[in-house]
Amino acid sequence: MRTNRFRGVCAACSRTVEPEQGVITRPDGTTRVFCTPEEAAAHQPSAPAAADTDPYELSAAQVRITGTPAQCHAVWQALQLAPHLLTGQRSADRPRRDDDRVMLYGPVTIEARHLEAIERERQEAEQ
Ligand SMILES: [Zn+2]
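Sequence order sets the numbering: in each chain, residues are counted from 1 along the sequence as written. Per-residue local features of the predicted model are confined to residues with pLDDT of at least 70, and side-chain atom pairs are confined, for both listing and counting, to 80 or more; whole-chain, interface and lining totals are unaffected and use all residues.

## Topic: the overall build of the chain
In step 1: Counting from the N terminus, the helices are the DSSP runs of H or I reaching at least four residues and the strands are the DSSP runs of E reaching at least two. Tallying secondary structure elements over the chain gives five helices and nine strands in all.
In step 2: Secondary structure elements of the chain, listed N to C terminal, follow the sequence β-β-β-β-β-α-α-α-β-α-β-β-β-α.
In step 3: Backbone-placed C-beta atoms define the burial measure: a residue is buried with 20 or more other C-beta atoms within 10 Å of its own, exposed with 12 or fewer, and partly exposed in between. By the burial criterion, 21% of the 127 residues in the chain qualify as buried.
In step 4: Here the analysis covers contacts within the chain between residues at least 6 apart in sequence; of these, 43% occur between residues at least 24 apart. Throughout, a residue-residue contact means that the two C-beta atoms, derived from backbone geometry, are no farther apart than 7 Å.

Below you can see the structure in the form of structure tokens.
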């Protein structure tokens, strides 16, 4: 992903993106501008209509992991194996501009029944 050289309109939220303030992607030959790498990662055609088929993806939080490729992959794998967590399609490793580390993004959701358990515990703690 590169920064945008020209002013554009974010393909995710339709806000105006000033030059060098956003990122561009060109995965399928079409250049798209986004405000943030997170938005761009969430709109990759390579991570397609998962949201249409998997209801958990709709409410998923977008998680960003920063580190060496090995660290990022290990953390993502830990998220995949964690009980009560559901992970979607993660992004490819994305190089950072500032240093040698990479970032990767992916959707993570907490299982509904585990969320209910968390909520119950919170309510009991308040009483
Ligand atoms: Zn945006």
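## Comments concerning the environment of Val9
In step 1: Tracing the chain through its elements places Val9 in strand E2 (residues 8–9).
In step 2: Take Val9: there are 14 C-beta atoms within 10 Å of it, and that puts it in the partly exposed class.
In step 3: Sequence-wise, Val9 and Cys35 are 26 residues apart; in three dimensions their C-alpha atoms are separated by 8.5 Å.

## Some points on the sheet that holds strand E1 (residues 2–3)
In step 1: Taken in spatial order, the three strands make up an open sheet running E1-E4-E5, and their pairing is antiparallel. Lying at the two open borders of the sheet, with one neighbouring strand each, are E1 and strand E5 (32–34). What makes two strands pair is DSSP finding at least two bridges between them.

## Here's the deal with unusual backbone geometry
In step 1: With a phi close to 70 degrees, Glu20 is a non-glycine residue in the positive phi region.
In step 2: Phi at His84 takes a positive value of approximately 75 degrees, unusual for a residue other than glycine.
In step 3: Tracing the sequence through the fold places His84 in the loop between helix H4 (69–81) and strand E7 (85–87).

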